[in-house]
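# Topology and contacts: notes
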Amino acid sequence: KAGDSSWIDLYRDIKNAQHLIYISGYTLYPDLKLSRYTPCETLGALLLDRADKGVQVLITVQETCWGSPCEHSCHLHDPERHLKLRFAASSVRVCTKPPTRDDHTTSFILLDTPQENVNLSQRKM
């Protein structure tokens, strides 16, 4: 249970985002549960819920490439295709980006959260 607190914090922060959720990385698994010890929605269901409530949700993932570094053949393979299909009928925007030479994809999540000890209407990124 010790490492679970980070996932629970992430779940809470996504659930409380009011304006923006931007997730970027190599891939994203919408069926991921953010905690195995507490009942919670999957990441995909959570993002759909936030988008339905007017939060702008943007996901950027890297395209899967096959071949040598000199002749990359980038296509939407199963993970990217599944992700786009999963959110196709929603306001969640999914973008793919081709890898660049020597690309080391940095994964991050950017969202707004309430500022501590400040008026609840004030938010921070």
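As the structure is a computational prediction, the values presented were derived from the model and not from experiment. (Residues numbered from 1 in each chain as written. Predicted model: local features only at pLDDT ≥ 70, side-chain atom pairs only at ≥ 80, totals over all residues. Heavy atoms only, no water.)

### Brief notes about the pairing of strand S1 (residues 20-25)
By the bridge criterion, six bridges tie S1 to strand S2 (residues 56-62) in an arrangement that is parallel. In the sheet register, Ser24 faces S2, and the bridge partner there is Thr60. (Pairing = 2+ DSSP bridges. Helix = DSSP H or I, 4+ residues; strand = E, 2+ residues; numbered from the N terminus.)

### Comments concerning the environment of Trp7
Summarising the element assignment, Trp7 is placed in helix H1 (residues 4-16). In sequence terms Trp7 and Arg36 are 29 residues apart; their C-alpha atoms lie 9.4 Å from each other. The contacts of Trp7, once residues within four sequence positions are left out, are Leu32 and Leu34. (Contact = heavy atoms within 4.5 Å.)

### As for a nonpolar patch on the surface
Where nonpolar side chains cluster on the molecular surface, the patch consists of Trp7, Tyr29 and Leu32 and spans about 340 Å² of accessible area. Following the sequence through the fold, Leu32 ends up in the loop between S1 and helix H2 (43-52). Residue Leu32 is classed as partly exposed on the basis of its relative accessible area of 36%. (Patch = residues over 30% accessible without salt bridge, like charges linked within 9 Å, V, L, I, M, F, W, Y side chains within 5 Å. Areas by Shrake-Rupley, 256 points an atom, 1.4 Å probe, with all protein chains shown as cover. Salt bridge = Lys/Arg side-chain N within 4 Å of Asp/Glu carboxyl O. Buried < 20%, exposed > 50% of the residue type's maximum accessible area, 1.4 Å probe, protein only.)

### Structural notes on H2
For H2, a buried count of seven out of 10 residues is recorded, marking the element as mostly surrounded by other parts of the structure. Looking one or two places after H2, you find Gly54, whose phi comes out positive at around 95 degrees.

### Comments concerning the nonpolar core
Membership of the largest hydrophobic core comes to 22 residues, with the highest contact counts inside it found for Ile14, Ile21, Leu47 and Ile59. When residues of this core are traced back to their parent elements, those giving at least two are H1, S1, H2 and S2. Setting aside residues up to four positions removed in sequence, Ile21 forms contacts with Ile14, Leu47, Arg50, Val55, Gln56, Val57, Leu58, Leu110 and Leu111. (Core = buried A, V, L, I, M, F, W, Y, C linked by side-chain atoms within 4.5 Å.)

### Regarding the packing of aromatic side chains
Counted under the stated rule, the structure contains one aromatic pair. Look at Tyr22 and Phe108: their rings are 5.3 Å apart centre to centre, the planes differ by 80 degrees, and that puts the pair in the edge-to-face class. Of this pair, Tyr22 sits in strand S1 while Phe108 is found in strand S6 (residues 108-111), placing the two residues 86 residues apart along the sequence. A relative accessible area of 36% means that Phe108 is categorised as partly exposed. (Phe/Tyr/Trp six-rings, centres within 6.5 Å; stacked < 30°, edge-to-face > 60°.)

### What to know about the sheet that holds S2
Strand order across the open sheet formed by four strands is S5-S2-S1-S6, with mixed pairing between neighbours. Two strands bound the open sheet, and with one partner strand each, they are strand S5 (93-97) and S6. Pairs of neighbouring strands in the sheet enclose a mean axial angle of 10 degrees, with direction left out of account. Sheet topology places S2 next to S5; five bridges connect them, and they run parallel. Within S5, the residue paired with Gln62 across the bridge is Lys97. Across the sheet, H2 is in contact with S1 and S2; its angle to S2 comes to roughly 140 degrees. (Axes fitted to C-alpha atoms, helices over the stretch in contact; angles between N-to-C directions.)

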